[in-house]
Amino acid sequence: MPHTVGAADLLGFAAATTEAHGVPPADARLLADTLVTAELWGHPSHGMLRLPWYLRRIESGATAAVAAPEIVSDNGAVLVVDGHDGLGQVITDRAVGWGVERARRHGISAVAVRDSGHFGTAAYYTHKAAERGCVALLVTNASPAMAPWGGREKRVGTNPWSIAAPGGRHGTVVMDIANTAVARGKIYYARERGVPIPEGWAADADGVPTTDPRRAVEGLILPMAGHKGYAISFMFDVLAGVLTGSAFGSAVVGPYHPSGRSGVGHLLICIDVRSMADPALFEARVEALIGETKSTPTAPGTAEILVPGEPEARTAERLRAEGITLVDDTWASLAHIAEATAVPLPLPLNSQELPA
């Protein structure tokens, strides 16, 4: 039976159990917030099902509980940061702070991060930069998930990316996509729910298309838009892995592996809107673009045109009121963490689940 809990309670649980693994309180709360935000945005594939993954890597020593990102090269507008195997969420959040500060000073900044870890949802970070007056682009590499175009062994990561910008009265416009037909986490989420995945998402280990998420996890995720998705992923590995001095290709280790240095690299580019345009005028122009886009006549079966970031904002508003529903397998994983850390599970909102 699904378990529905309040976002604040879920955040408190995730933060407390992470802190119990030696992570400083502020960093533990940040990690928890990234997971709960993903749930609120309607992306459970990047939400609480990942908490056990991150904690197991801390337990094994693959991820340092206390993140200590270090600026190893400072050229003013360009920084190179060594993450020293800390939590990717903490390192990338620090990179946003540095990136925005340097963009305000120089107009544009680039922060290259090496030897980090998986950071969850890329939009979490670009959204923060946009709220501080920047247009932000963030790319990261990931462990192999797809085969090179024409190949049958996975060698290329999903290598997701996000762009965000201030949207005036619309808040923030933001996109976050992997370069595969689907993010790998959605296949793990389908496996947890015990449901098939759509055709066109993945192939099994022999390269045969499959709708079985268990076979897909061991096989290949298919690129988006055919060869184009492969080519974009390859080039983003050049930016996030090769250029930053981090691991790349098959050397990157995913968060679902409890051991092994992650070696993930990120590249964050921030542009201070004020360096190119009056912020008020920029936001008015974005509002005009949004208005023109949303006024497009809809195709049959479509109620409304939405712009990037709008579905997530609406979902978050609804789930803050209704609570976040977790599937049985995720709840069981959280129960195991609760037992191991002596942190009580959050009470479900469903009255029938409340203790007598």
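A quick note: this is a predicted structure, and the numbers were derived from the prediction, not measured. (Residues numbered from 1 in each chain as written. Predicted model: local features only at pLDDT ≥ 70, side-chain atom pairs only at ≥ 80, totals over all residues. Heavy atoms only, no water.)

A. Here's a closer look at the sheet that holds strand E12 (residues 220–221). If you trace the three strands from one edge of the open sheet to the other, you get E11-E10-E12, paired in antiparallel fashion. At either margin of the open sheet sits one strand with a lone partner, and together these are strand E11 (209–210) and E12. The pairing of strand E10 (residues 202–203) with E11 spans two bridges and is antiparallel. Pairing of Ala 202 across the sheet is with Thr 210, part of E11. (Pairing = 2+ DSSP bridges. Helix = DSSP H or I, 4+ residues; strand = E, 2+ residues; numbered from the N terminus.)

B. Molecular detail of the pattern of salt bridges. Enumeration over the complete set of coordinates arrives at 17 salt bridges. With a closest N to O distance of 2.7 Å, Arg 314 and Glu 304 form a salt bridge. Taken together, the positions of Arg 314 in helix H10 (residues 310–322) and Glu 304 in the loop between helix H9 (279–294) and H10 put the pair 10 residues apart, joining distant regions of the chain. Connected through shared salt-bridge partners, Asp 74, Glu 101, Arg 102 and Arg 105 make up one network. (Salt bridge = Lys/Arg side-chain N within 4 Å of Asp/Glu carboxyl O.)

C. Quick look at the sheet that holds strand E5 (residues 134–140). Spatially, seven strands are ordered E2-E3-E4-E13-E5-E8-E9 in an open sheet, and the strand pairing comes out mixed. Of all strands in the sheet, those with a lone pairing partner are strand E2 (70–74) and strand E9 (172–177), marking the two edges. When the angles between neighbouring strand axes are averaged without regard to direction, this sheet yields 15°. With six bridges connecting them, strand E8 (residues 161–166) and E9 associate as antiparallel partners. (Axes fitted to C-alpha atoms, helices over the stretch in contact; angles between N-to-C directions.)

D. Highlighting the packing of aromatic side chains. Under the defined criterion, the tally for this structure stands at seven aromatic pairs. Pairing Trp 53 with Tyr 188 gives two aromatic rings, centres 5.1 Å apart and planes at 70°, and the pair type is edge-to-face. With a gap of 135 residues between them, Trp 53 in helix H3 (residues 51–60) and Tyr 188 in helix H6 (residues 184–193) connect regions that are remote in the sequence. By the burial criterion, Trp 53 is buried, and Tyr 188 matches it. Ring plane angle 50° and centroid distance 5.1 Å describe the contact between Phe 119 and Tyr 125, whose orientation is recorded as tilted. Through a chain of ring-to-ring contacts, three or more aromatic side chains come together here, namely Trp 53, Tyr 188 and Tyr 256. (Phe/Tyr/Trp six-rings, centres within 6.5 Å; stacked < 30°, edge-to-face > 60°. Buried < 20%, exposed > 50% of the residue type's maximum accessible area, 1.4 Å probe, protein only.)

E. Quick peek at the layout of surface pockets. By volume, the second largest pocket is sized at about 150 Å³. The wall of the second largest pocket is formed by Met 48, Leu 49, Pro 52, Trp 53, Arg 56, Tyr 188, Arg 191, Glu 192, Asp 329, Thr 330 and Ser 333. Only H3, H6 and helix H11 (328–341) provide two or more residues apiece to the lining of the second largest pocket. Among the residues forming the lining of the second largest pocket, the class breakdown is five nonpolar, two polar and four charged. (1 Å grid on protein atoms, 1.4 Å probe; cavity = no way out; pocket = protein on both sides within 12 Å on 5 of 7 lines; lining within 4 Å. Points joined across faces, edges and corners; volume = space filled by probe spheres on them. Nonpolar A, V, L, I, M, F, W, Y, C, P; charged D, E, K, R; others polar.)

F. Spotlight on the nonpolar core. Within the largest apolar cluster, 56 residues are counted, with the highest numbers of intra-cluster contacts made by Leu 10, Val 36, Met 48, Leu 51, Leu 268, Cys 270 and Leu 334. The biggest single contributor to this core is helix H2 (residues 25–40), with seven residues. When near neighbours in sequence (up to four residues on either side) are disregarded, Leu 268 contacts Ala 95, Val 96, Ser 109, Ala 110, Val 111, Ala 136, Leu 137 and Leu 138. (Core = buried A, V, L, I, M, F, W, Y, C linked by side-chain atoms within 4.5 Å. Contact = heavy atoms within 4.5 Å.)

G. Layout of empty space enclosed by the protein. Enumeration over the complete set of coordinates arrives at four cavities of 30 Å³ or more. Looking at the largest cavity, its volume works out to about 90 Å³. Lining the largest cavity are 13 residues, and of these Tyr 54, Arg 57, Thr 63, Gly 117 and His 118 lie nearest its centre. Put simply, the parts of the chain that give the lining of the largest cavity at least two residues each are H3 and helix H4 (88–106). The residue inventory of the lining of the largest cavity, partitioned by class, reads four nonpolar, eight polar and one charged. Approximately 50 Å³ is the volume attributed to the second largest cavity. Lining of the second largest cavity is provided by Ala 145, Lys 154, Arg 184, Ile 187, Tyr 188, Ala 216, Val 217, Gly 219 and Ile 221. Of all elements in the fold, only H6 and helix H7 (213–218) reach the threshold of two or more residues within the lining of the second largest cavity. Among the elements that line the lining of the second largest cavity, the one with the most residues is H6, at three residues. Here the residues of the lining of the second largest cavity are counted per class, giving six nonpolar, one polar and two charged.

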